[in-house]
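Survey of secondary and tertiary structure
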Amino acid sequence: MKEKAGLLGEKEVEFALRFLHEKTYSIMHDVRLEDHHGAFQLDTLLLTTKFGLILEVKNWHGTVIFGENGQVTRIGDDGMEEGFSNPIAQAQLQQYRLQNWLQTRNISGFPIYYVVVISFPSTIVKAYSE
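Values in this document were obtained by computation on a predicted structure and should not be read as measured data.

**Some remarks on the overall build of the protein**
Each helix and strand in the protein was counted, giving 2 helices and 8 strands. For the protein, the sequential pattern of α-helices and β-strands runs α-β-β-β-β-β-β-α-β-β. For the protein, buried positions account for 34% of its 130 residues. Taking the intrachain contacts of the protein between residues at least 6 apart in sequence as the baseline, contacts between residues at least 24 apart amount to 52%. Accessible surface, the protein as shown: approximately 8800 Å² in total, 54% of it carbon and sulfur. The average position of the 12 basic charges and that of the 16 acidic charges among the side chains of the protein differ by 7 Å.

**Comments concerning the side chain of Thr123**
Relative to the helices and strands, Thr123 resides in the loop between strand 7 (112-118) and strand 8 (124-127). Separated by 2.6 Å, the side chain of Thr123 and the backbone oxygen of Trp60 make a polar contact. Not counting residues within four places of it along the chain, the set of residues in contact with Thr123 comprises Trp60, His61, Gly62, Val64 and Ile118.

**Notes on the environment of Gly79**
With respect to the helices, strands and loops of the structure, Gly79 is situated in the loop between strand 5 (71-75) and strand 6 (81-85). In this structure Gly79 comes out as partly exposed when scored by relative accessible area, which is 48%. Between the C-alpha atom of Gly79 and that of Thr63, which follows or precedes it by 16 residues, the distance is 9.4 Å.

**Observations regarding the sheet that holds strand 2 (residues 38-47)**
One open sheet accounts for 4 strands, arranged 1-2-3-7; its pairing is mixed. With one partner strand each, in any of the chains shown, strand 1 (26-35) and strand 7 form the two edges of the open sheet. On average, each strand axis in the sheet is tilted by 40 degrees relative to the strand beside it, whichever way the strands run. With 7 bridges joining them, strand 3 (residues 52-58) and strand 7 adopt parallel strand pairing. Each residue of the ladder has a partner; that of Val57, found in strand 7, is Val117. Strands strand 1, strand 2, strand 3 and strand 7 of the sheet are contacted by helix 2 (residues 87-103), whose axis makes an angle of about 150 degrees with strand 7.

Conventions and cut-offs
Residues numbered from 1 in each chain as written. Predicted model: local features only at pLDDT ≥ 70, side-chain atom pairs only at ≥ 80, totals over all residues. Heavy atoms only, no water. Helix = DSSP H or I, 4+ residues; strand = E, 2+ residues; numbered from the N terminus. Buried < 20%, exposed > 50% of the residue type's maximum accessible area, 1.4 Å probe, protein only. Contact = heavy atoms within 4.5 Å. Areas by Shrake-Rupley, 256 points an atom, 1.4 Å probe, with all protein chains shown as cover. Lys, Arg positive; Asp, Glu negative; His and termini not counted. Charge placed at Lys NZ, Arg CZ, Asp CG, Glu CD. Polar contact = N/O pair within 3.5 Å; in protein donor to acceptor, adjacent residues only side chain to side chain. Pairing = 2+ DSSP bridges. Axes fitted to C-alpha atoms, helices over the stretch in contact; angles between N-to-C directions.

Here it is, written out as structure tokens:
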């Protein structure tokens, strides 16, 4: 079921990206690169002549709560809670590794940005508060 939900979420993101002009944007999915720390993977990398954008896609449904300590809790439709690490920190690390990967290939001054995408429009996103 998780795999099926993941595919549906990826299709949601791919559908939205199809509206970008193909002569202006290059879109690559499941980009796997290697650096001196090993392999790392980017869910989606959008490239333009001016910048790169990493899309860290999360196929979460239900309610997602971002805690103060970086913990993310997902409460599914069945009421079950599941914990995840913060995807923002994951995207920041990918940004850092991609920038270093580019620098080792003598590509500098090319800005890399990132966003975290919750792929299901029905997902409720909350910040933890007491």
